[in-house]
Amino acid sequence: MASVADPRVKDLAIGGVRVPAALVRETWPDPYMDIEDYDPESDLMSLNMGPQHPSTHGVLRVKLFLDGEICVKCVPYLGYLHRGVEKLCEKLTYVQVPSVVDKNDYVSPMMNELAVCMSFEKLLGIEVPERALVMRTVIAELQRLSSHLLWVGTWGLDMGGAIGGGGSLFIHTFRERELFLDLFEELTGGRFHYNHHTPGGQRHDIPPGWEAQVHQVLNVLESRLIEYEDLCTDNHIFQARTVGVGVIDPVLAMELGVSGPVARASGIDHDLRRDAPYAAYDRVKVQVPVRQEGDCFARYMVRLAEMRESIRIVRCLIDDIPEGPICGAKMVKLPGSQKVKAKEFVYAYSAIESPRGELGTWVVGQPKSASAYRCKIRPPSYHLVSMLPYLCVGQMISDIVVVLGSLDPILGEVDR
Amino acid sequence: MIPDDARALFERLLEEKDPHPEIGPRVPCDQLLAVARALKEELEYRFFVYCAAAHFPAPKDAEEGTPAEILVAYRVRRLGPGTVTVPFHVRVPVDTASPSLASLYAGADWQEREQYDLVGALFEGHPDLRRIMMPEDWEGHPLRREYAIDTPHFPWR
Amino acid sequence: MTWYMTLLLGLTICTLAMALGAWGTWYERKFAGRMQNRPGPTEVGPFGLLQPLADLLKLLQKEILVPRGAARWLFLASPIVAAAGTLSLFAVIPFGEGIVVADLNIGVLWIFSLGSVLVLPHWVVGWASNNKYALLGAMRAAAQTISYEIPLLLAGMIPIMLAGSFNMGDIVAAQDGYRWFALWPPGPGAVAFVMFFMCSLAEANRIPFDIPEAESELIGGISVEYTGLWAAILQLAEYIHTLVTAAVCSVLFLGGWDGPFVDGPHWMLLKTMLIYLSVFWMRWSWMRYRSDQLLAICWHYLLPIALGLVAATAIWIRLVEVS
């Protein structure tokens, strides 16, 4: 591990990026520590933040061993939302899969569809037309905006209670999110689950007047973002709850596979939209917000800055969407028409930057088959939840709730 | 595409001149930890992307004795501008353990547990290899090819 | 007053307190709704005014569950003790000149001592539930209420010192003619008012001090195992406690029934309602502190300020006397 003995060293070069040296630790808590070693008299209280809890962001069971109010060991249990999506992907054809993976990250569904479709296009060798690429970028950024809005609201709930100050913040952000859901309803017909992307492009074309509606929504959101900043950023209670809480070591984040706003708040300057551009991101210079403190407040500031950046990207692209077809593959009438052309097994992996980090799909294609042989989804939230045993040690229960909220895991994609 | 520095490393450690572009070179089990450590510490591929396993049963028209195999594919990434990923994989017969990367990459811990749970890939040296998604008393590995999607399991089905 | 008039007054105040406690929920929900860009209850009755009745009827017909392993009689008795205790605080609050159920010479002391005793029901409610979440909430409740009593008492000493008496009626009379203790002496009075108000919020477990029933962390906190009627009683106890707090604040600091034109109970009610409203306003605007930060605020900031206030008030009184 990197050495931080020298206080003059401000940042270290690790893993291709420079990370702030103040956050790097020599040792990490041991998630497999035997509780008997800590406390032979078993004075600790084991508390289940059970699958039903208002603040676990889904059905996550976290078993905490508490010394008073301070957590000594944390063991997460997954699988409560496991629906066998990967097995289902082996049975369904390539065209049928996006509507199923919609339900993984149910807060920004088109991200899942995009990740899966990009992998399938790589596997099957399908070209995506220009119009579809630009539309994909616009829609991805709109999804990022609505996902971060939901995150701000639910984080307020964690901190303030549903009957209380958090409830007010929640209702306000959902009011803005409704505007986005209306946009998507105009485009695809669905509010939450769209079945919009397909290998080769998309299914629905932009209806007339949609661009004007997008501009209107973005203008409204920009004014409201100022309101949210006024409400939270300088609020003493908010700062007392989030500043210095849940500091994440960037080297640990890298090794665990954590990317996205959580990593960027710990100083890791990495964003797939800028560094490995897909869709039309090479036409827009994405400015990536990075902060050096690594605590919950830093994650909040990074996500707010990302929202502003997404607004800028959409405004850049929305007025110049090129004309043309929206799908490179023939719109299939029979679901079995897209097949692997090679004679042996083919493999593909492609990743996108979802609001939580690197969302990718590893696909194995069987020759002469219209279904994938093995479709593994690499969900960013899985790695975020795997951070919990390291992060929760030494925190109070209230802090654990705030930290879990600030990581923004979505249990749908953790369990699939 | 595999970047040049990784390609040079594979050539040096494994004598592999032409690795598969998508799943990387096939690494023998006894060299897996050495290769991964070299990638991590010499070439700074510190971001653990995924560990994915796939079950390949013996094809029906193969000769007697061709074993069913499990492919365990890994991928690591170097972050920052110009990010690149390096894949590599291991192929083991079913019910044989491959070495675990959990001591090198903290992220391999849970990923390998998931692949053990769903595909039945065994990992030697893993600190806590038990089921993560399915309930503890589940029998069978659901993502094996012969596991039917509607296999009954009381009380869920 | 004769004994039957006292009894009548007591019953009226009790009924009024319970009604205001129940309709406080209506008021709060309407206010919260408007803060959140939605109307609040509108279905039941005109403007949703019968909503508290509907809630009461719903809660009454729910099954009463006593968890296995819970201390049964403590579990069932402590909400009643909490509600009865908060109601009996109304005994010494004067609503007008002579309109008080019990004109005790030590009126303020009655409020403080009964308020201290009321720490116990909240703690027992959590402990008797045989539930780890409730236990955590109970421990937090005990720590919080015991800690915040000290600045509460010290800030409450200011009106007593300025009026020279523990009798609530005398304190109001000393503020006659707009010399309300929150405004005069300028400075210490306002600080004492704010501190008294904050500490009462902590005693009543309202946001930003509602960690005992921190809903997002501890699910229901101390009241997690209570269903039906008993949950209603606990909630009512909390709202009545808030109402008592508002009334005590108006008496001690805002002049009670003193007001422009005609003095009388209407001013007392108006001031009580205004403070009641501001409690709701704060609840729906702010998030909550963490429990150790809460206690740090009490011991590191409020206690020294309260001690300083007492000293400042003593100096002020001496100066006024001398001049």
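Let us look at the structure shown here. (Residues numbered from 1 in each chain as written. Chains lettered and ligands numbered in written order. Predicted model: local features only at pLDDT ≥ 70, side-chain atom pairs only at ≥ 80, totals over all residues. Heavy atoms only, no water.)

A word on the overall build of chain A
Move 1: When you go through chain A residue by residue, the secondary structure sums to 16 helices and 10 strands.
Move 2: Computed over the C-alpha atoms, the radius of gyration of chain A is 22 Å, within 12% of the 22 Å expected from 2.2 N^0.38 for a compact globule of 416 residues.
Move 3: Counting only residues that meet the buried cut, chain A has 65% of its 416 residues in that class.
Move 4: By sequence separation, contacts in chain A at least 24 residues apart represent 72% of the contacts at least 6 residues apart.
Move 5: When the accessible area of chain A is evaluated, it comes to approximately 14000 Å², of which 53% is carbon and sulfur surface.
Move 6: Put simply, chain A has 43 plus and 54 minus side-chain charges, and the middle of one group is 8 Å from the middle of the other. (Helix = DSSP H or I, 4+ residues; strand = E, 2+ residues; numbered from the N terminus. Rg over C-alpha atoms; globule rule 2.2 N^0.38 Å. Buried < 20%, exposed > 50% of the residue type's maximum accessible area, 1.4 Å probe, protein only. Contact = heavy atoms within 4.5 Å. Areas by Shrake-Rupley, 256 points an atom, 1.4 Å probe, with all protein chains shown as cover. Lys, Arg positive; Asp, Glu negative; His and termini not counted. Charge placed at Lys NZ, Arg CZ, Asp CG, Glu CD.)

Section: the layout of surface pockets
Move 1: A volume near 1200 Å³ is recorded for the largest pocket.
Move 2: Those elements giving two or more residues to the lining of the largest pocket turn out to be helix H1 (3–35), helix H2 (51–60), helix H10 (228–253) and helix H11 (265–285) of chain C.
Move 3: A total of 9 residues in the lining of the largest pocket trace back to one element, the largest contributor, which is H10 of chain C.
Move 4: Residue classes in the lining of the largest pocket are distributed as 22 nonpolar, 8 polar and 10 charged.
Move 5: Of the voids in this model, the second largest pocket is the one considered here, and its volume is about 790 Å³.
Move 6: In this structure, the second largest pocket is lined by 35 residues; those nearest its centre are His82 of chain A together with Met133, Met134, Pro135 and Trp138 of chain B.
Move 7: The set of elements that each furnish at least two residues to the lining of the second largest pocket consists of strand E5 (70–77) and helix H2 (85–91) of chain A together with helix H3 (108–119) of chain B.
Move 8: The element contributing the most residues to the lining of the second largest pocket is H2 of chain A, with 4 residues.
Move 9: Here the residues of the lining of the second largest pocket sort into 19 nonpolar, 5 polar and 11 charged. (1 Å grid on protein atoms, 1.4 Å probe; cavity = no way out; pocket = protein on both sides within 12 Å on 5 of 7 lines; lining within 4 Å. Points joined across faces, edges and corners; volume = space filled by probe spheres on them. Nonpolar A, V, L, I, M, F, W, Y, C, P; charged D, E, K, R; others polar.)

Considering empty space enclosed by the protein
All names here are of chain C.
Move 1: In this structure the tally under the stated criterion is 5 cavities of 30 Å³ or more.
Move 2: A volume near 190 Å³ is recorded for the largest cavity.
Move 3: Lining the largest cavity are 15 residues; nearest its centre among them are Ile111, Gly115, Leu152, His241 and Thr245.
Move 4: Among the secondary structure elements, those contributing two or more residues to the lining of the largest cavity are helix H4 (107–117), helix H6 (132–163), helix H8 (188–203) and H10.
Move 5: For the lining of the largest cavity, the class distribution of residues is 8 nonpolar, 5 polar and 2 charged.
Move 6: Of all elements in the fold, only H1, H10 and H11 reach the threshold of two or more residues within the lining of the second largest cavity.
Move 7: Considering each element in turn, the lining of the second largest cavity owes the most residues, 4 residues, to H1.
Move 8: Across the lining of the second largest cavity, the residue classes tally to 9 nonpolar, 1 polar and no charged.

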